[in-house]
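# What the coordinates show
Chain by chain, the residues run as shown.
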Amino acid sequence: MRTILLSIILLSTFTAGKAQAQPQAQAETPQLEYVMQLKVTLGEAYSVGETPEGRRQVIPITGGTFEGPLLKGTILNGGADYQLTDTKTNRTTLEAIYSIKTDDGVYIHIRNKGIIHASQNEQGQPSFYFKAAPKFEAPNDSKYAWLNNAIYVCSPSFGGNFQGIVLNVWKVK
């Protein structure tokens, strides 16, 4: 009986609160904070071919460098960018898995997932979308542990004479 009475009181309090709820303030637009630029060197891409999931392509990551206001170092050989293209929609999902090493010797693992889509805009002009969200795994006891506790976005830079891909990374604040 006591449990039933308590449930009724809680339910009526919850319902009364709902009826009197005030409109919530609009959410603040997230801000971006620049973290680093990665200059990734790539090996020769190869295709697995058409699979039940789509056309699979693998692009080896062979090295490179990275630099930002709070970290700097090299990209390690041995990772890869795994791309899967849906030929009907011309949409490619990517997952790049690799590691970096800071100039002071700390290893950080990265798993970068994203989308590439080529299409045409309303005026019939070519349109290209390429964004990704890297997830960092830095040692908890390192000065880079802050990388573990945020969401990041990245976008490529094109142009210049660098042979590879240049990615700019921002922290979502």
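Figured I'd write up the structure that's included with this text.

Here is what the cut-offs are and how they apply
Residues numbered from 1 in each chain as written. Predicted model: local features only at pLDDT ≥ 70, side-chain atom pairs only at ≥ 80, totals over all residues. Heavy atoms only, no water. Helix = DSSP H or I, 4+ residues; strand = E, 2+ residues; numbered from the N terminus. Buried < 20%, exposed > 50% of the residue type's maximum accessible area, 1.4 Å probe, protein only. Contact = heavy atoms within 4.5 Å. Areas by Shrake-Rupley, 256 points an atom, 1.4 Å probe, with all protein chains shown as cover. Polar contact = N/O pair within 3.5 Å; in protein donor to acceptor, adjacent residues only side chain to side chain. 1 Å grid on protein atoms, 1.4 Å probe; cavity = no way out; pocket = protein on both sides within 12 Å on 5 of 7 lines; lining within 4 Å. Points joined across faces, edges and corners; volume = space filled by probe spheres on them.

## What about the overall build of the protein chain?
Within the protein chain, the secondary structure is distributed over 1 helix and 10 strands. If you list the helices and strands of the protein chain from N to C, you get α-β-β-β-β-β-β-β-β-β-β. Split into buried and exposed, the 173 residues of the protein chain put 29% on the buried side. Contacts spanning at least 24 positions in sequence make up 46% of the contacts within the protein chain whose residues lie at least 6 apart. Split by element, the accessible area of the protein chain, about 11,700 Å² in all, is 54% carbon and sulfur.

## Regarding the side chain of Thr102
Tracing the backbone shows Thr102 in strand E6 (residues 91–102). Reaching out from Thr102, the side chain makes a polar contact with the side chain of Asp104 at a distance of 2.4 Å. Ignoring anything within four residues of it in the chain, the contact list for Thr102 reads Phe66, Lys72, Gly73, Ile108 and Tyr144.

## Section: the layout of surface pockets
When its volume is computed, the largest pocket comes out at roughly 210 Å³. When residues of the lining of the largest pocket are traced back to their parent elements, those giving at least two are strand E1 (32–42), strand E3 (54–67), strand E5 (79–86), E6, strand E7 (107–120), strand E8 (126–137) and strand E10 (165–172). It is E6 that contributes the most residues to the lining of the largest pocket, 3 residues altogether.

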